Amino acid sequence: MEIEFASLDDSLARFTLSGASTAFANAFRRAMIGEVPTLAIEDVRIYDNTSALFDEMLAHRLGLIPLKTDLSSYSTQDTCSCGGAGCPGCTATYTLSVEGPRTVMSSDLIPQDPKTAPVYDNIPIVKLTKGQKLVIEARATLNTGRAHAKWQPTLVCGYKNHPVVTISDACDACGLCVDECPRGILAVKGKKVQVVPGKLPDCSMCRLCERACLSTGIGDIPAIAISAENDRFIYMVESDGSLPVKEIMNRALLFVKEQADTLEQQLGELSGDEKK
């Protein structure tokens, strides 16, 4: 199994996973989405709200604000020594007090721990007119996307099979497939159509090129064929900013490994019981 990166920074990663089954590729994707913990606002105490939004709508908006997460400093409530009571080791606290007229932004959410500040300062929460006021206290806890979508660390996380473009000797370089390709991955070079270097991963496997080739009326089999590799996958992963993409990937792979080790241990125990 091998991972080859096309691009990688804190917010976005594009890479190719080779030598893996479809089951593993999907398990990796699901683990990145639903099994990597992040902070999200769970409890909101509203002292004063004269805005146009109901308390429930306001709490929902606050819960969807991405928060910077330091997994070395916080633990989930079910594993914390406080037993879920809400100590600084498993709970991040925020306060907000704003009077109108103005728009309340995520930057108005003041964290007790600066390391857990909102990822973006410019997220609008609610617009206050003159005389309106909003005073709240909020608590964020660590959890995973499997519990609720607000704890998902990714905005985009998907993969596709790596495309394969095969051009036979029957190609007469008519250029119809080049004109039909919406991604611009084909070009006429000399007396044959070729894939533009570096553009193959952009192929969406729509097969419009095959249809265009068939429309020429020369034979029943197109000179160009699109297929996919069964053990090679192209991923795109975008973080919401709460965690770097590299950490999301590492923790997702660790989760998959732990699950596999647990399954192997349980199967070993079952085999031992059968022998007895």
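Each value, and the rule that gives it
- Along each chain, numbering runs from 1 in the same order as the chain's sequence is written.
- Only residues with pLDDT of at least 70 are given local features in this predicted model, and only at 80 or more are side-chain atom pairs given and counted; all residues enter the totals for whole chains, interfaces and linings.
- Calculation of side-chain values draws on the structure's entire complement of heavy atoms; hydrogens and water are dropped beforehand.
- Numbering of helices and strands runs from the N terminus; a helix is a DSSP stretch of H or I covering at least four residues, while a strand is a stretch of E covering at least two.
- Only protein chains enter the accessibility calculation, which uses a 1.4 Å probe; a residue whose area is less than 20% of its type maximum is buried, one above 50% is exposed, and one in between is partly exposed.
- Whether two residues are in contact is decided by their heavy atoms: any pair within 4.5 Å suffices.
- Computed with the Shrake-Rupley method and a 1.4 Å probe, the accessible areas treat only the protein chains shown as cover for residues.
- Asp and Glu count as negative and Lys and Arg as positive, but His and the ends of the chain are not part of the count.
- Working definition for charges: the position is that of NZ of Lys, CZ of Arg, CG of Asp or CD of Glu.
- Definition used for salt bridges: Asp or Glu carboxyl oxygen within 4 Å of a side-chain nitrogen of Lys or Arg.
- Planes of paired rings set the category: under 30 degrees apart is stacked, over 60 is edge-to-face and the rest tilted, where pairs are Phe, Tyr or Trp rings (Trp by its six-membered ring) whose centres lie within 6.5 Å.
- Two conditions define a charge sitting above a ring: the NZ of Lys or the CZ of Arg must be within 6 Å of the ring centre, and it must be within 35 degrees of the ring normal.

### Comments concerning the overall build of the protein
When helices and strands are tallied, the protein shows 5 helices and 12 strands. Counting every position in the protein, which comprises 276 residues, the buried fraction comes to 36%. When contacts within the protein are restricted to residue pairs at least 6 apart in sequence, long-range pairs at least 24 apart make up 69% of them. When the accessible surface of the protein is split by element, carbon and sulfur atoms take 51% of a total near 15,500 Å². The positive charge centre, built from 28 side chains, and the negative charge centre, built from 35, are 3 Å apart in the protein.

### What to know about the pattern of salt bridges
Using the criterion set out here, one finds 12 salt bridges in the structure. Glu-35 is the salt-bridge partner of Arg-146, the closest N and O atoms lying 3.5 Å from each other. A residue pair is termed long-range when its members are at least 10 positions apart, and Arg-146 in the loop between β8 (133-143) and β9 (154-167) and Glu-35 in the loop between α1 (22-34) and β3 (38-49) qualify at 111 residues. By relative accessible area, Arg-146 is classed as exposed at 64%. For Glu-35, a relative accessible area of 17% gives the class buried. The salt bridge partner of Glu-247 is Arg-251, with a shortest N-O separation of 3.2 Å. In this pair, Glu-247 and Arg-251 are both assigned in helix α5 (residues 245-275), 4 residues apart and thus about one turn of the helix distant.

### Section: the packing of aromatic side chains
Applying the stated criterion across every chain yields a total of 7 aromatic pairs. Measuring from ring centre to ring centre gives 5.5 Å for Phe-28 and Tyr-235, while their planes differ by 55 degrees; the resulting arrangement is tilted. Residue Phe-28 is located in helix α1, and its partner Tyr-235 is located in strand β12 (residues 224-239); the two are separated by 207 residues in the primary sequence. Classification of Tyr-235 as buried rests on a relative accessible area of 1%. Ring-pair connections join several aromatic residues into one group, and the members of that group are Phe-5, Phe-15, Phe-24, Phe-28, Tyr-159, Phe-233 and Tyr-235. Over the face of the ring belonging to Trp-151 we find Lys-150, whose NZ or CZ atom lies 4.8 Å from the ring centre.

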